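# Observations on the model geometry
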Amino acid sequence: QSSSVNWDPAGFTERAPEWVPWFREAELKHGRAAMLATVGFVVPEFIRIPGEQFSFEAIPRVIDAHDALPQSMIQIFAWISFLEACSFPALANMNNYDRAPGNFGFDPLGIFPTDPKRQKDYELSELKNGRLAMIAIGGMVAGSAITGHGFPYLP
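Here's what I pulled together on the structure shown here. (Residues numbered from 1 in each chain as written. Predicted model: local features only at pLDDT ≥ 70, side-chain atom pairs only at ≥ 80, totals over all residues. Heavy atoms only, no water.)

Attention shifts here to the packing of aromatic side chains. Going through the model one piece at a time under the given rule, you end up with eight aromatic pairs. Ring geometry for Phe-151 against Tyr-153: centres 5.7 Å apart, planes inclined by 85°, an arrangement best described as edge-to-face. A relative accessible area of 42% means that Phe-151 is categorised as partly exposed. Here Tyr-153 falls in the buried class, since its relative accessible area comes to 9%. Through successive ring pairs, a cluster of aromatic residues spans Phe-12, Trp-19, Trp-22 and Phe-23. (Phe/Tyr/Trp six-rings, centres within 6.5 Å; stacked < 30°, edge-to-face > 60°. Buried < 20%, exposed > 50% of the residue type's maximum accessible area, 1.4 Å probe, protein only.)

Here we come to the pattern of salt bridges. Counted under the stated rule, the structure contains six salt bridges. Note that Glu-126 is salt-bridged to Arg-32, the shortest N-O span being 2.5 Å. Taken together, the residues span a long stretch of sequence, with Glu-126 in helix α6 (residues 116–147) and Arg-32 in helix α2 (residues 20–42) at a distance of 94 residues. For Arg-32, a relative accessible area of 28% puts it in the partly exposed group. Notably, a salt bridge pairs Lys-117 with Asp-121, separated by 3.0 Å at the nearest N-O pair. Here Asp-121 and Lys-117 lie together in helix α6, a separation of four residues that amounts to about one turn. Look at Lys-117 and you get exposed, because its relative accessible area is 54%. Judged by relative accessible area, which is 41%, Asp-121 ranks as partly exposed. Overlapping salt bridges, with partners in common, bring together Arg-24, Glu-27 and Arg-131 in one network. (Salt bridge = Lys/Arg side-chain N within 4 Å of Asp/Glu carboxyl O. Helix = DSSP H or I, 4+ residues; strand = E, 2+ residues; numbered from the N terminus.)

Interpretation in functional terms is not warranted from these geometric data alone.
In structure tokens form, the structure reads like this:
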């Protein structure tokens, strides 16, 4: 298990092999959230939703929105909590069904390939892009906080 797909330097899969599907599910979930976060961190530097409290004058740097908009943060936290709670049954029954980790059967745009080889490539691409996004959002937040500048977060 030394390939990049099964990268596990801490050896969690060796100590708890029955938890491997849960580990993969968590990795995919965090990767998907990080991919959305990277987009959500850059786009507001250029486009804002209507409302004085969201304007460029009220919040010049995206990183400041967290402290400047506590009511919005509460709402975001509530929606994330709701979506997380909706996934509890799927996580609780993961080993009892033939569902692959991360596959909730939700593909409204029909972008998941039907060819098994392309499915594997698609899944690997999602996994690797999610790992990259987890590192990227950390770097983006750190860069913005340290430099005090918006995108591209350079001094």
